[in-house]
Amino acid sequence: MSAVLEKTQILEDYLVMTGEEIAERIEFARAELGPRVVILGHHYQRNDVIRHADLTGDSYQLSVMASQTEAEYIVFCGVHFMAESADILGKPSQRVILPDLGAGCSMADMATIEQVEDAWEQLRDIGVLDSRVAPITYMNSSAQIKAFCGRERGVVCTSSNAVPLFDHYLKGFDKMFFFPDQHLGRNTGAKFGIPLDKMALWNPHEELGGNTEEQLRDAKLILWRGHCSVHGRFKDWHVDKIRERVPGITVLVHPECTREVVEKSDLNGSTSFIIKTVENAPPGTKWAIGTEVNLVNRLRDRFPDKEIHLLAPDLCMCATMYRIAPQNLAWAMENLLTDNVMNEIVVDEETKYFANIALERMINLTENK
Ligand code: SF4
């Protein structure tokens, strides 16, 4: 391995290197930087990237864990909203790097702050905001939408804590407006017995989201019309097929899957819930898992004594997360050797302030629940 680099590294140079050379360069840079850097790997990240991660987990967990380190640089192998969350929750001295700026989240991109503010104003114009309406956003949303929820008495939720937060807000408010994942919102609302005709779907491309004033007044839950392109690929017939093919199988899915899939499954829950459930299952048990393929493959490798299938036979991979290739990681890391911070993600102070309010509400309302 070469001595410490002296100039800015060019990404194109890495694209022609072999996988082994790239891996060596990442490890060399990591050893040189020592505790100054922490590499975060989201559960859905590909294996050739996750092998270099210091910490693995879901987006919120990773941001919290990174903020508890003394690392100066947080290299987030995930997608854009995750790196924003790491910047919001990190220490002021920590700088966050997303190795490929093209790694967005198609779900988070389905709700822009302009669309959300416009929807809110439309609700105000027709008097819906005269009742108590709480905006709730899934962690998988932009920092600006988190800040909007902070300003408007709302909160951020994760797929692990959506249930206690719905419980709190359903008791204290007349209505909730949930962004951007309609499926997590619908599946969680259904757990509280909210009928589907009390859940309005807001299409940001139509006046009043495609609803009548009466529907919006009558709704208990307004769901933003967003979805995850990965979890949306699982269909209810996949559940029927795998049950036919593998008798005795337990179907375990993420609540970003559609209502039909969740209704047909045996169990549903967050990524952490899925991992824990499989970890604690007895040997010989059979599982069909409806979540991102890299995570399912790693569970299969970790637990050869259990029979683990991906719920859908076709590839269910997060294509945007896949953009973080080892080449991008090597490039970002080697630039840090000369203190070149590439692809830094910075959330402005005002957005950070209000987003933190929504996140702190989440923490206060879910602690010990
Ligand atoms: S899996 Fe879905 S929600 Fe998660 S980052 Fe990819 S597109 Fe976004």
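This text goes with the structure placed above it.
Residues numbered from 1 in each chain as written. Predicted model: local features only at pLDDT ≥ 70, side-chain atom pairs only at ≥ 80, totals over all residues. Heavy atoms only, no water.

**Q** Please provide a residue-by-residue account of the site of the ligand, values included.
**A** The local shell around the ligand consists of Y44, V79, C105, S106, M107, N140, C228, V230, E256 and C318. Among the residues forming the shell around the ligand, the class breakdown is 7 nonpolar, 2 polar and 1 charged. (Near = heavy atom within 4 Å. Nonpolar A, V, L, I, M, F, W, Y, C, P; charged D, E, K, R; others polar.)

**Q** So what about the pattern of salt bridges? Which residues, and what values?
**A** Overall, the coordinates contain 21 salt bridges when judged by the stated rule. R30 serves as the salt-bridge partner of E27, at 2.8 Å between the closest nitrogen and oxygen. Of this pair, E27 and R30 both sit in helix α2 (residues 19-33), 3 residues apart, which is roughly one turn of the helix. In this structure R30 comes out as buried when scored by relative accessible area, which is 17%. (Salt bridge = Lys/Arg side-chain N within 4 Å of Asp/Glu carboxyl O. Helix = DSSP H or I, 4+ residues; strand = E, 2+ residues; numbered from the N terminus. Buried < 20%, exposed > 50% of the residue type's maximum accessible area, 1.4 Å probe, protein only.)

**Q** Describe the sheet that holds strand β14 (residues 344-345), and please don't skip the residues or the numbers.
**A** Taken in spatial order, the 5 strands of this open sheet run β2-β1-β3-β4-β14, and their pairing is mixed. Either end of the sheet is taken by a strand with one partner, and the two such strands are β2 (55-57) and β14. Bridge analysis of strand β1 (residues 37-42) against strand β3 (residues 73-77) gives 5 bridges, and the strand direction is parallel. Paired with V38 across the strands is I74, a residue of β3. (Pairing = 2+ DSSP bridges.)

**Q** So what's going on with the pairing of strand β12 (residues 286-290)? Which residues, and what values?
**A** For β12, the tally of buried residues reaches 4 of 5 residues, placing the bulk of the element in the interior. One ladder, built from 4 bridges, connects strand β10 (residues 250-253) with β12; its direction is parallel. Across the sheet, the residue bridging to T250 is W287, located in β12. Bridging between β12 and strand β13 (residues 307-310) involves 4 bridges; their strand directions are parallel. Residue pairing across strands places W287 opposite I308, the latter belonging to β13. With helix α14 (residues 293-302) bridging β12 and its parallel neighbour β13, the resulting β-α-β unit is right-handed. (Right-handed = clockwise from strand over helix to strand, strands pointing away.)

**Q** Can you break down the sheet that holds β10 residue by residue, with the values?
**A** One open sheet holds the 4 strands; their spatial order is β11-β10-β12-β13, and the pairing between them is parallel. Strands with a single pairing partner mark the edges of an open sheet, and in this sheet they are β11 (267-268) and β13. The strands that helix α13 (residues 271-280) touches are β10, β11, β12 and β13; relative to β10, the one it contacts most, it runs at about 150 degrees. (Contact = heavy atoms within 4.5 Å. Axes fitted to C-alpha atoms, helices over the stretch in contact; angles between N-to-C directions.)

**Q** Any details on the packing of aromatic side chains? Residues and values, ideally.
**A** Enumeration according to the criterion identifies 10 aromatic pairs in this entry. Ring centres 6.3 Å apart and planes at 75 degrees place the aromatic pair F148 and F179 in the edge-to-face group. With F148 in helix α7 (residues 143-151) and F179 in strand β7 (residues 175-179), the pair connects residues that are 31 residues apart, well separated along the chain. Assessed through its relative accessible area of 4%, F148 is described here as buried. When the ring of F177 is compared with that of F179, the centres are 4.7 Å apart and the planes differ by 45 degrees; the resulting orientation is tilted. Take F177 and F179: they sit in the same class, and that class is buried. (Phe/Tyr/Trp six-rings, centres within 6.5 Å; stacked < 30°, edge-to-face > 60°.)

**Q** Go over the packing of helix α6 (residues 113-125) against α7 with me, naming the residues and quoting the values.
**A** Packing of α6 against α7 leaves a shortest axis separation of 9 Å and a crossing angle of 30 degrees. Taken together, the axis directions place α6 and α7 in an arrangement best described as roughly parallel. The residues of α7 that touch α6, namely those facing I113, V116, E117 and W120, are Q144, I145 and F148. In terms of residue class, the contact of α6 with α7 is built from 5 nonpolar, 1 polar and 1 charged. (Parallel < 35°, antiparallel > 145°, perpendicular 65-115°, else oblique.)

**Q** Describe the side chain of Q94, naming the residues involved and giving the relevant values.
**A** Along the chain, the position of Q94 falls in the loop between α5 (80-89) and β4 (95-97). Here A71 takes part through its backbone oxygen, which lies 3.0 Å from a polar atom of the side chain of Q94. For Q94, the side chain forms a polar contact with the main-chain nitrogen of K91, separated by 2.9 Å. Excluding residues within four positions of it along the chain, Q94 makes contact with A66, S67, T69, A71, E72, I74 and D87. (Polar contact = N/O pair within 3.5 Å; in protein donor to acceptor, adjacent residues only side chain to side chain.)

These results come straight from atomic positions and should not be treated as a statement about function.
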